[in-house]
Amino acid sequence: MRYRIAHKTDYGYSTPVAQSNHLLHLSPCTIEGQTIEKHEIVISPTPANRHDFSDYFNNPVIHLTIEEYHKLLSIHACTIVTVERDQTELLKLSQLPWESVRDAMSDADHVAEAEFTCYSNFTQPTAEIAAYGAQSFAPGRAMMDAVLDLTRRIHEDFDYDATATDVFTPVTQVFKQKSGVCQDFAHFELTCLRALGLPARYVSGYLRTYPPEGQPRLVGADASHAWISAWCPEAGWIDFDPTNNKVISDEHITLTIGRDFGDVSPISGIILGGGNHIIDVSVDVMPIDENGNEIGSSSNGQMQQAMKPSSPALSPPLPQSQGPVEGHVQEQSQSQTSDQIGPVKPVAADRTY
Amino acid sequence: MELDKATKPDNSESGNAATAKANSLAGPIPYQTIPGVHDEMMDSSGSIMSHWQHWFEAFSSWSPAERSAHSDELNEVVRETGIAYDLFADPNETAQPWSIDLAPLILAPTEWQWLKTALAQRARLFNAIHNDIYGHRRLLHEGYLPAALVLSDQSYLRPMRWHQSAYNGVQFYAADLAKSADGTWHVLDNHTETPAGLGFALANRITLTHCEGNLFRKSNAIRLASYFQQLQATLNKRTGLDDPYIAILSPGPEHPDYFAHAYLARYLGYLLVEGGDLVNQNNQICLKTLAGLKPIDLIIRSIEGANADPLELNPAGFDGTTSMLQAIRNKGIIIANQLGTSIVENRGFAPYLPEICKYLLGEELMLREAPRWWLGDRQSRDFVLSNLSNMLISDAHEGSGRPGEARAAIDGAALSPSEKTELIDKIALFGNSMVAGQKMNYATTPSWTGDKLVPRPFAIRFFASRKEQGYDVLPGGLSMSVSAEQAIGLHSPEGLTRDVWVTSDTKLEPFESIWASLERQGTHSRAGRSLQSRIADNLYWLGRNVERVEWQFRLCRQALSRLNEDSGPEEDQRTIISALNTLILRAPKAAVFDAGFGGMNEVERLVRTILYGKDRAYGFQESLSHMHRLAGLARDRMSSEAWRILNEFFADNRWHKEPGFMHTGHVVDLLDKGLMILAAFSGMTMENMTRNYGWRFLDIGRRIERAENLSGLLNRLIFSSGMSSDAPRRLMFILEVADSFITYRSRYRISPTLAAVIDLLLLDETNPRSVAFQISALYDHVNSLPKEPEVGLRSEENRLVLELLTELQLSEGNTLAHIPHLDQNKDLEQIISEQCPLEKMLNNQITKLPQLSEILTRRYFTHTEEQPQRI
């Protein structure tokens, strides 16, 4: 599937900012199954310094400083990407018991994977979380079979609730209240896996969404998404989305990979001055055909102005964009098909996180 | 360097060892070692080791009185220099004060040769490990170090990978060493994050040799100066510049080791900076100074690496500056030690070090840790759990690095069954970041308890610093008492430290003071040219508060002395109360003490309120706490004597605690003492501070405060009712408070008249106590401060001061005093109701001076107040 993704972030400050420093994780990394055709980031005002480089995890990253006084800052990223992958097929390859994956992590051959067995700031376990995770890992169970089971349980046991957490909510709190958003579920699943000594990494990206029956796709109403990736020797890394209970295919677009959100936060910044600020984030994931035209269901054919969305203004101010599609939790728990990769639908277009 | 001031009359030690032996009265001081435990001074046969002999004989020859005199002197110097762990600790807290053992620890030349080589080897090893871990990671890929051991450590700063080079890793290495009971050296901990403890080692040496300089010299002990000279040369070389701009980056005065940072900065002649002083401009780290942003070439890092850049490292860490990493990537700054060096402190590395040393250096590791296990390794974990009662369990990585402050390890033998289960669960989940060590019995060294010499277990922190080839090791160290059986980390609950003397068997080279080499480099002028805005701010307010305290003291002392005289008490009372109210009324909402038990009179009540009232603006207690804080903040800008002078206030409880009963005479004596201290401080700053911007801001603060106070007092006492009848006595009071009575009498030889007083206190530019003198000094200062080029225009502050000065210069005492015929009983109210030029002038001073303060603040200090925020 081919997509045009527009990820726009606009900051407004109550008083002028004298100096601003930012780190952007808004550019897609190179990964199998994804081809980047075009990618650009437009920043206003023009940065005094801009440095594009690769971070520790090989994600593209941009460091920038703005040294002129400003009250508005906009960072607009646009990407055209083709995704061709279906990792469900890979699942079958995983035969070795999870214990052998754990034990392999102390081999010097697996330094790269062992990195992702280590706890990070957002994935500090407790004995209770470890015990919850361990329920899916009966002795001798095949690695990915167990991860799939854990993914399903998290999906079942946790409620999607955008108001229940913020960007910094620790997993202990998420586990206690059994609710949160994609970032929380990803962190929680990572914590479970790492507590068992298993390699698992945090994936940040986008998800194709589908409008409710008979309604056009609403431009800019998407959001950043997050899921996890686990490793086994036979198949390598396989991505699981605990928010939607699935193994990823061409509806997930990978942006960056790290140990947790802290490694790949789309935009972080430190400013001098600025007073209070508001942030307006809009994400638009538009499926397009080979000519660049939007692929839509028959009902939204006339919504072609979405080609160049000007001012969606649908996303209210929020601390960091991070939510996935809303409403799918309820919907999926009603239609329990374990291999469902089918469309998930937003309940409300102008959602608040 | 140690002996600059340390030479004492050669009386106490009675010359030499021979006389000490001959002194039959003293004899050797009794010392009993612990059987089966190695002791540094005395061997198993009870003989004193040869390198201790000088010291032991001299120490034995001291009479008990001499020993306690030395001990008292040592404590006094410790107290005065303020080698406290925590500068801003609550004085009422029972924290262990820093104390120095009267007995040093003395190392023999041969042992030192071995130690020096072994420590330098470890420093090279840790630097090599660091460079590998942040580079190709061959140690991980080839199985010398488990990946999970390194990568689960939070101090592994991932963004720093690939930014290392052979030369920029571990500049400062330190190791805590202890001897086991059999006399073998073991490593307890390694320190690669900051030069933690180096400032303390230096301060201890200077302090102890201040008291025992002769002993030090006679023992043929090696001085520390050459190590620091080597360090300066190395750092210069690293920048590739002749006159580099080098700064020590400290977390600031709230950090308990701030003393050591400031001490080291002053000793090395480097700037002491904090995160708030720095900014990244065009990928260079710059210092905010009065004269604009100045790029820094090298930073000696005394902050945790993780807190150096909130953008890419710990988001809550603001000890460095935003985009520090970007500057490093662009080679816009050199940092020693590099960010991320903390990783090699990990205690779990210990069991792997011997093999790593062979692999990386091709050498046998000379100096090792006591047996230790990393609990992330399955086999080690099983072994430790089955031998738990012999084990000490601790975290693999402890942040602090403060000497003696490692957390006590968990003693496996002391656990209850439930604690044991808890520990096992914890190891199961967090084994990657835990280690176990075998318990150890320590060798001892003599320690002076105050009345006898006893053997105590000890550990020493040794310091190494990178030079062009290899590492230089400080010939000395910081010894601490170690709690028995700790095998991991230096945990010293007593806070007792001692100096380490390294003796030489050859004649020592003549020593060159570090100051001489500094002067050659011109480091001082460099530091003076570019004062941090933050320091200027602090010095300005220090000047104001010191002057404010002086004013409070003069006013209170004069009030109380007057009270004791007999004549004219009633009129005097009015004058005095009116004068005291200039201070009292500045804090209208703060409580005034009531008369209390026994009934104080009004004057005593007000004096007591000014001196001891809490939370009272313009009260002494508030000024004192400001003075303490600001002096601490600006400490590296003052001479050590200046600090010691002010420390009289901070260390002496009489200035803080309200006495139960206030005997007027005692208070006057105390205030006299206070004025002497302040005079000493003023003299010190006048005579010893170079006339740089720092001095100017200190003086500006003082001048503004003095002019404001004097104008206020004149205004209040001249223009309040009752002047007519007691004018001469009231004027005399003003002269006394303004410390100008003697001058007045010698010059005018008449009882005070208003015209003469106005002339002397307001208009006379030669009287250092007059308003005109202050304004004239301010005019000079304001013109000398760095300013933006405003061609042909006078700056705002310049215009303001010029206006005040001109007004004073164009006035004339007799005209101003034309509040005519006081002796003809003309009603004063009537006079005031007329346009009175004197009152107008005083009011002008009183309103314009605070404006000047605001303008200076806005122009020179404000950009230091802008706090970075995370979005």
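Residue numbers restart at each chain and count upward from 1, following the sequence in its written direction. Written order decides the labels, with chains lettered from A and ligands numbered from 1. For this predicted model, a pLDDT threshold of at least 70 governs which residues receive local features, and a threshold of 80 or more governs which side-chain atom pairs are given and counted, while totals over whole chains, interfaces and linings are taken from all residues.

### Some words on the overall build of chain A
Secondary structure is summarised from DSSP: a helix means a run of H or I of at least four residues, a strand means a run of E of at least two, and numbering begins at the N terminus for each. Looking only at helices and strands, chain A features nine helices and 14 strands. Per-residue burial over chain A gives 49% buried out of 353 residues. Summarising the internal contacts of chain A: among those between residues at least 6 apart in sequence, 77% fall at separations of at least 24. In this scheme the burial state of a residue depends on its C-beta neighbours within 10 Å: 20 or more other such atoms mean buried, 12 or fewer mean exposed, and anything in between means partly exposed; the C-beta positions come from the backbone. Contact between residues is assigned whenever the C-beta positions, reconstructed from backbone atoms, fall within 7 Å.

### Let's talk about the sheet that holds strand E10 (residues 298-301) of chain B
All names here are of chain B. Strand pairing is defined by DSSP finding a minimum of two bridges between the two strands. With parallel pairing, four strands are arranged side by side in an open sheet as E6-E5-E10-E11. Here the strands that pair on one side only, and so sit at the sheet edges, are strand E6 (271-273) and strand E11 (334-336). With strand direction ignored, the average angle separating the axes of adjacent strands in the sheet is 30°. With three bridges joining them, E10 and E11 adopt parallel strand pairing. Across the sheet, residue Ile-300 finds its bridge partner in E11, namely Ala-336. Axis lines are fitted to C-alpha atoms, over the contacting stretch for helices. Their N-to-C directions set the angle, which ranges from 0 to 180 degrees. The sheet contacts of helix H9 (residues 258-268) involve strand E5 (246-249) and E6, and relative to E6 the element is tilted by about 150°.

### Focus on the domain arrangement of chain A
All names here are of chain A. Domain annotation for chain A reports domain 1 (2-83 + 265-307) and domain 2 (87-263). Once you take the C-alpha centre of each, domain 1 and domain 2 turn out to be 25 Å apart. Between domain 1 and domain 2, the contact holds 23 residues from the first and 24 residues from the second. Put simply, the parts of the chain that give the side of domain 1 that touches domain 2 at least two residues each are strand E1 (2-24), strand E5 (70-83) and strand E14 (277-288). Among the elements that line the side of domain 1 that touches domain 2, the one with the most residues is E14, at five residues. Note on residue categories: nonpolar means Ala, Val, Leu, Ile, Met, Phe, Trp, Tyr, Cys or Pro, charged means Asp, Glu, Lys or Arg, and polar means any other residue, Gly included. For the side of domain 1 that touches domain 2, the per-class residue count stands at 14 nonpolar, eight polar and one charged. An automatic or database domain assignment provides the domain bounds reported here.

### Digging into the nonpolar core
Residue and element names in this part refer to chain B. Residues Ala-247 and Phe-462 are the most contacted members of the largest nonpolar core, which totals 143 residues. A total of 10 residues in this core trace back to one element, the largest contributor, which is helix H4 (residues 109-133). What Ala-247 contacts, discounting residues up to four positions off in sequence, is Tyr-270, Leu-271, Val-273, Leu-287, Ile-296 and Ile-299. Buried Ala, Val, Leu, Ile, Met, Phe, Trp, Tyr and Cys residues whose C-beta atoms connect them within 7 Å together make up a nonpolar core. With 90 residues, the next largest nonpolar core counts Leu-624, Leu-754, Val-771 and Leu-842 among its residues.

### A short note on the interface of chain A and chain B
In many analyses, interface size is given as the accessible surface area lost on bringing the parts together. At the interface, 31 residues of chain A touch 29 residues of chain B. At the level of secondary structure, the elements contributing two or more residues to the side of chain A that touches chain B comprise E1, strand E3 (49-54), strand E4 (60-66), helix H3 (111-114), helix H4 (127-134) and strand E13 (267-273) of chain A. The element that contributes the greatest number of residues to the side of chain A that touches chain B is E13 of chain A, accounting for six residues. Of the residues that constitute the side of chain A that touches chain B, the class distribution is 17 nonpolar, 12 polar and two charged. Inspection of the sheet shows E13 of chain A paired to strand E21 (residues 868-870) of chain B by three bridges, in the antiparallel sense. Bridged to Ile-270 of chain A within E21 of chain B is Arg-870 of chain B.

### A closer look at the confidence of the model for chain A
Low pLDDT marks regions whose predicted coordinates should not be analysed in detail. Each residue carries a pLDDT value, the predictor's own confidence for that position, ranging from 0 to 100. On average, chain A scores 84 in pLDDT, and the residues at 70 or more come to 84%. Every residue in residues 298-353 of chain A scores below 50 in pLDDT, and together they form 108 contacts with partners more than four places removed in sequence or on other chains.

### Structural notes on the environment of Gly-296 of chain A
Checked against the element boundaries, Gly-296 of chain A lands in the loop between E14 and helix H9 (328-334). Along the chain, Gly-296 of chain A and Arg-217 of chain A lie 79 residues apart, while their C-alpha atoms are 7.7 Å from each other.

### Notes on the sheet that holds strand E8 (residues 200-207) of chain A
Residue and element names in this part refer to chain A. Spatially, the five strands line up as an open sheet ordered E11-E10-E9-E8-E12, and their pairing is antiparallel. With partners counted over all chains shown, the strands left at the sheet margins are strand E11 (246-247) and strand E12 (252-258), one partner each. Sheet topology note: the strand E9 (residues 224-232)/strand E10 (residues 236-241) ladder contains five bridges and is antiparallel. Along E10, the bridge assignment pairs Ala-230 with Ile-238. Sitting on the sheet, helix H7 (residues 182-195) is in contact with E8 and E9, with an inclination near 15° to E9.

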